[in-house]
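Here's the letter readout for the chains.
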Amino acid sequence: MPEPMVLASEERGSGPVLLFVHGFPLDRTMWIPQLAGLAKIRTCMAVDLRGHGLSVDDNPGDYTMDLFADDVAKTLDDLGIEQIDIAGLSMGGYVVFSFWRRHRERVRSIILADTKAEEDSPEGKAGREKTAELVASQGLEALWSQLEGKMFAANPSEDVKDKVHAMFQNTAPEVAAADALAMRDRPDSVADLANITVPVLWLQGEEDQLMPVDGARASAEKIPGATFVGIPKGGHLATLENPEATNAAITDFLKK
Ligand code: MLT
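Residues numbered from 1 in each chain as written. Predicted model: local features only at pLDDT ≥ 70, side-chain atom pairs only at ≥ 80, totals over all residues. Heavy atoms only, no water.

Student: Mind laying out the overall build of the protein, listing which residues take part and the relevant values?
Tutor: On a plain count of helices and strands, the protein comes out with eleven helices and seven strands. Computed over the C-alpha atoms, the radius of gyration of the protein is 17 Å, within 12% of the 18 Å expected from 2.2 N^0.38 for a compact globule of 256 residues. With respect to the principal axes defined by its C-alpha atoms, the protein has extents near 50 × 40 × 35 Å. In the protein, which comprises 256 residues, the proportion classed as buried is 56%. Sequence-distant contacts in the protein: of pairs separated by 6 or more residues, those separated by 24 or more amount to 78%. Summed over all atoms, the accessible surface of the protein reaches about 10,600 Å², with 49% contributed by carbon and sulfur. With 25 positive and 41 negative side-chain charges, the protein shows a spacing of 4 Å between the two charge centroids. (Helix = DSSP H or I, 4+ residues; strand = E, 2+ residues; numbered from the N terminus. Rg over C-alpha atoms; globule rule 2.2 N^0.38 Å. Buried < 20%, exposed > 50% of the residue type's maximum accessible area, 1.4 Å probe, protein only. Contact = heavy atoms within 4.5 Å. Areas by Shrake-Rupley, 256 points an atom, 1.4 Å probe, with all protein chains shown as cover. Lys, Arg positive; Asp, Glu negative; His and termini not counted. Charge placed at Lys NZ, Arg CZ, Asp CG, Glu CD.)

Student: Talk me through the sheet that holds strand E1 (residues 9-12); I want residue IDs and the actual numbers.
Tutor: Sheet strands line up and pair through hydrogen bonds in the backbone, either parallel or antiparallel. Strand order across the open sheet formed by seven strands is E1-E3-E2-E4-E5-E6-E7, with mixed pairing between neighbours. The outermost strands of the open sheet, each flanked by one partner alone, are E1 and strand E7 (227-231). Strand-to-strand twist of the sheet, defined as the mean angle between neighbouring strand axes without regard to direction, takes the value 20 degrees. Running at roughly 145 degrees to strand E4 (residues 84-89), helix H3 (residues 91-103) makes contact with strand E2 (17-21), E4, strand E5 (107-113) and strand E6 (200-205) of the sheet. Packed on one face of the sheet, helix H11 (residues 243-255) meets E2, E4, E5, E6 and E7 and runs near 170 degrees to E6. (Pairing = 2+ DSSP bridges. Axes fitted to C-alpha atoms, helices over the stretch in contact; angles between N-to-C directions.)

Student: Let's hear about the site of the ligand: which residues, and what values?
Tutor: Close to the ligand lie Gly-23, Phe-24, Ser-90, Met-91, Tyr-94, Arg-128, Met-183, Met-211 and His-236. Contact between the ligand and Phe-24: an oxygen atom at 2.7 Å from a main-chain N or O atom of the residue. Contact between the ligand and Tyr-94: an oxygen atom at 2.5 Å from a side-chain N or O atom of the residue. Surface burial for the ligand is 90%, taken as the share of its 270 Å² of free accessible area covered by protein chains. (Near = heavy atom within 4 Å. Polar contact = N/O pair within 3.5 Å; in protein donor to acceptor, adjacent residues only side chain to side chain.)

Now the structure itself:
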């Protein structure tokens, strides 16, 4: 496994740190509505996973969710931050599950968004290999064409779509391929759900086509005391599509 690295990050606000981990194949800028809306209650810090955004990786490959989690821990060490509230969307949620398994003493609370605890099925794993081949041979635009119709709730705003499209365009094919293979190999997190001992908020877009809301609710029910909130007018990127409902739910959760 490559050595952990210090990640690029962007922060706003003051007080205890709420750290955000982005989804695939995106970057920290997907969390700007949360940085803007939650800075009054936390130091909101969004990281770029290795290879993404400003976290330059000259030799992408051999990525794992554990490596991503260790990168987050190294970044906290570098900044002298002991404990965090940690939020992750989709692939970012997979990183949060790894972070919980490997660095739980640093976790004050967990926010999961549009993610799932189950590992990939055999067909899903084969699909990851196709994704890795697709981006390596045809680039991220080909992946955008496949996913554009599935990522958002009905009638998505052009602004949100443009922002997500730009994040796809800013991600190198080698990085997206390494992400896809890392997701293929991620462990199942279902058995961890009952053993999470910190407060958890699980947000899922009510119109998430990639990870339907009912499956997410069932997983959240396995976490002792977890709060589940369906985000109306939210698809797979509910935090961006409906930041008002997202930020209200996070504010309520963190105030408790
Ligand atoms: C993501 O948004 O990070 C991906 O949809 C995760 C996945 O493909 O499992």
